[in-house]
Amino acid sequence: MSSIKKKLRAKTRWGVIGIFVLLLATVIFDAPNLFNGWVESINNKTGIGIPMVLDKEFALGLDLQGGAHLVYQADVSQIDVEDRGDAVEGVRDVIERRVNAIGVGEPNVQTTKVGEDYRVIVELPGVTDIQEAKDKIGETPILEFKKENIIPPRELTEEERIEMDEFNKIARKKAEGYLTEIKNGTDFEEFAEQNSEDELSRNNGGYLGFISSVGPYADLYSWASSVSDGSVSQELLETNQGFAIAKRGGSTDGDMEVRASHILICYLGASRCEGANYTKTEALAKAQKIFEQANADNFADLAIQWSTDPGSKENGGDLGFFPKEAMVGDFGEASFNASVGEIVGPVETQYGFHIIYKTDEKINQNIEAWYLVVSTKSELDILPPQDPWMNTGLSGKQLERAEVVSNPNTGAVQVSLQFDSEGTELFKNITTENVGKPIAIYLDGEPISIPRVNEPITDGSAVISGSFNITEAGLLSQRLNAGALPVPVEIISQQTVGATLGIESMQKSLKAAAIAIVLVMIFMIVYYRIPGLISVISLSLYISLTLALFKLIGVTLTLAGIAGFVLSIGMAVDANVLIFERLKEELKLGKSLKTATEEGFIRAWSSIRDGNISTLITCALLIMLGTSFVKGFAITLGIGIFVSLFTAITVTRVLLRYIAPWFKEKGNMLFLGYRPNKDAK
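Parameters at a glance
- Residues numbered from 1 in each chain as written.
- Predicted model: local features only at pLDDT ≥ 70, side-chain atom pairs only at ≥ 80, totals over all residues.
- Heavy atoms only, no water.
- Patch = residues over 30% accessible without salt bridge, like charges linked within 9 Å, V, L, I, M, F, W, Y side chains within 5 Å.
- Areas by Shrake-Rupley, 256 points an atom, 1.4 Å probe, with all protein chains shown as cover.
- Salt bridge = Lys/Arg side-chain N within 4 Å of Asp/Glu carboxyl O.
- Lys, Arg positive; Asp, Glu negative; His and termini not counted.
- Charge placed at Lys NZ, Arg CZ, Asp CG, Glu CD.
- Helix = DSSP H or I, 4+ residues; strand = E, 2+ residues; numbered from the N terminus.
- Buried < 20%, exposed > 50% of the residue type's maximum accessible area, 1.4 Å probe, protein only.
- Core = buried A, V, L, I, M, F, W, Y, C linked by side-chain atoms within 4.5 Å.
- Contact = heavy atoms within 4.5 Å.
- Pairing = 2+ DSSP bridges.
- Axes fitted to C-alpha atoms, helices over the stretch in contact; angles between N-to-C directions.
- Parallel < 35°, antiparallel > 145°, perpendicular 65-115°, else oblique.
- Left-handed = near helix turned anticlockwise from the far one by under 90°.
- Polar contact = N/O pair within 3.5 Å; in protein donor to acceptor, adjacent residues only side chain to side chain.
- Arc of directions from axis to C-beta.

(A) Inspection of a negative patch on the surface at higher detail. A grouping of Asp80, Glu82, Asp83 and Asp86 is seen on the molecular surface, where their side chains present a negatively charged patch. Note on placement: Glu82 falls in the loop between β2 (67-74) and α4 (84-101). In this structure Glu82 comes out as exposed when scored by relative accessible area, which is 61%.

(B) Expanded view of the nonpolar core. Ranked by internal contacts, the top residues of the largest apolar core, which has 50 residues, are Leu539, Tyr542, Ile543, Ile569, Ile579, Ile608 and Ile659. If you list the elements that add at least two residues to this core, you get α1 (2-30), α16 (500-528), α17 (530-553), α18 (559-588), α19 (593-625) and α20 (628-659). The element that contributes the greatest number of residues to this core is α20, accounting for eleven residues. Excluding residues that lie within four positions of it along the chain, Ile608 makes contacts with Ala575, Leu578, Ile579, Leu645 and Ile649.

(C) Spotlight on the pairing of strand β14 (residues 413-419). Counting buried positions over the seven residues of β14 gives seven, a clear majority of the element. Side-chain alternation along β14 places Val413, Val415, Leu417 and Phe419 on one buried face and Gln414, Ser416 and Gln418 on a second face that is also buried. Relative to β14, strand β13 (residues 399-406) runs antiparallel, the two sharing seven bridges. Bridge assignment links Val405 to a residue of β14, and that residue is Gln414. Remark: six residues form the turn of the hairpin made by β13 and β14, two consecutive strands paired antiparallel; Gly411 in that turn has positive phi of roughly 80 degrees.

(D) Geometry of the environment of Ser307. Within the secondary structure layout, Ser307 lies in the loop between α11 (299-306) and β9 (318-323). As a C-alpha pair, Ser307 and Lys377 span 70 residues in sequence and 38 Å in three-dimensional space. When sequence neighbours within four positions are dropped, the list of residues in contact with Ser307 reads His262, Ile263, Leu264, Leu302 and Lys313.

(E) Inspection of the environment of Val227 at higher detail. Note that Val227 resides in the loop between α9 (218-224) and β7 (237-238). Considering only alpha carbons, one finds Val227 and Ala548, 321 residues apart in sequence, at a separation of 96 Å.

(F) How the structure looks around the packing of α17 against α18. Between α17 and α18, the shortest axis-to-axis distance is 10 Å and the interhelical angle comes to 150 degrees. What the angle tells us is that α17 and α18 run roughly antiparallel. For α17 against α18, the interelement crossing comes out right-handed. Taking contact as the criterion, the partners of Pro531, Gly532, Ser535, Ser538, Leu539, Tyr542, Ile543, Thr546, Leu547 and Phe550 in α17 are, on α18, Phe565, Ser568, Ile569, Ala572, Val573, Asn576, Phe580 and Leu583.

(G) Layout of the side chain of Ser196. Note that Ser196 resides in the loop between α7 (188-195) and α8 (199-203). Looking at Ser196, its side chain comes within polar contact range of the side chain of Ser201, at 2.7 Å.

(H) Expanded view of the pattern of salt bridges. Within the structure shown, the criterion is met by 17 salt bridges. In this structure, Glu585 engages Arg582 in a salt bridge whose closest nitrogen and oxygen atoms are separated by 3.5 Å. Here Glu585 pairs with Arg582, and both are found in helix α18, just three residues apart, close to one helical turn. Residue Lys591 pairs with Glu586 through a salt bridge whose shortest N-O separation is 2.7 Å. According to the relative accessible area criterion, Lys591 is partly exposed, its value standing at 29%.

(I) Highlighting a nonpolar patch on the surface. Residues Ile515, Val518, Leu519, Ile522 and Val526 make up a contiguous nonpolar surface patch of roughly 480 Å² in combined accessible area. Mapping Ile515 onto the fold places it in helix α16.

(J) Focus on the pairing of β2. Most of β2 sits inside the fold, with seven of its eight residues counted as buried. Sheet analysis places β2 next to strand β4 (residues 117-125), joined by eight bridges and oriented antiparallel. Bridge pairing in β4 places His69 opposite Glu123.

(K) Structural detail: α11. Among all positions of α11, only Phe299, Leu302 and Ala303 are buried. Take α11 and look down its axis: the buried residues cluster within an arc of 100 degrees, on one side only. Facing away from the buried side of α11, by more than 90 degrees, are the exposed residues Asp301 and Gln305. Contacts made by the buried residues of α11 are with β8 (242-265), α10 (280-293), β10 (343-349) and β11 (352-375).

Here you go:
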């Protein structure tokens, strides 16, 4: 029996030693400067080389050390309503990875929804230069794959059509009044300056200069070419700009115009080629064969038989007169360089191969003109412009890897993309449905490549072939690998948070906490005496151990976090109070000090357990549902509770067990609850 007691006593003794070693170690870890200074002094004197303690700083939040606060708004207009939350979470993950990769200390990236707006809030402690902060986040690329928009534009609603008709009715009535005034002899130029609704003509007294058969005034030119010099229109002219009253001046030689016919042979993959029957090679061979057969007599018949241009086929390929700039580059060059009556070809354009028959040419006349216009509305003025491209659902979020490669044929630098399983399946479906059609690759809202799909791509790979050099391609690849944003974001708020207010607040908070801790310690010693002194040791270990864990884990301390820590100190003291009150009650019942100590811990445990569990549940809910500062409060409070359970239940008990044999069996006046009279019996 004596041997067992000795073993228990030795075990308790080692426990006490461990407690003080832990207290010393955590204090040194929390405040290493003093220890390191002492070690340095010894090393300098003895040269024995005692290692120093790593001086790890506490992680301070934005409110304590200052930094950058950025708010981005996500454009989720192109995302289905049910997928918007996931898309914005994807944006947060991408920005978080990018910020973490560049080593910003303790960044905080979170999402929030304000009304219907989705936002991403980025806090970068220690970064005081807003531009630097934006640069560190970077212009993360937005990668999108789009296909041709085949959805027909919507028609005017009945209400819109009535509104448009009413507007044009009023415009016509106004224009008719102006026409009457001009017919009655009002000065045209002065009247146009006062009343024309076209800015150019109003500022110049209605003068437009010399106009040609092409361009914005083609319809006005058509009227002017049919009347003599000095004529004023006697009826309202319906132009693209609105109801017009025009006046003709003189004329002068303008640009050359050519009249030509053509036979088009398009091929699979050519622009606007419907129902293609030829590959590119076959189309060239067919065009060459037709060119060799063609002459002035049979050209129209060959065009009707073979041309794939539905607009001119039935006219024997006749395109009428046209200026050079009205045609695509190679076609315009070939038709203007040919002689009248000459047949040239095959000429390749984006539409296929052309055989061109130049039938006439003339010098166009440019005509001097004035006009007064009253604006009207058309469907185009009311309906929004139709986007020629539509989203496919394939974007940077399905990107698995990007790398720089070179085209084996041309040596051009390209960026190769490899999609994940979802992206591979999506890309396969897109390319299968769009064989022979273009697919646009957009980067940051701009099309950088519009390749044509020749066959379905099933391996989930694609290539961006922009005008890159090695550096640009490498940077793009790096940014894409870091994470392409699934939706565009726009910065809507940026500010620098100064550290002055935070430091002042922290100093006041720490001062208040220190005063409170000292007062609590004094109270515990005065009221509970020896157990109170033990609680002070336990509380000291609690504080030093908790701060060491904050350092070691990397908990970001904010003002809210410090509040959580201070609150947990109160919880730790509360556990000791419960234990000592039970100890007091047991001593009053006349039990021995040893028995009263053990009974005190057993009877207090249920209250301590229930109180701390309920607080931990609250902390868990705050961490799951709260924002950054609330989470910081809950994390520090939760860690503090776990540590307080260790110090209150284990440390205090070991110390009390160790000192109990130092006193009489039933204690003395140094223990609250001691009853000397009963003890004397």
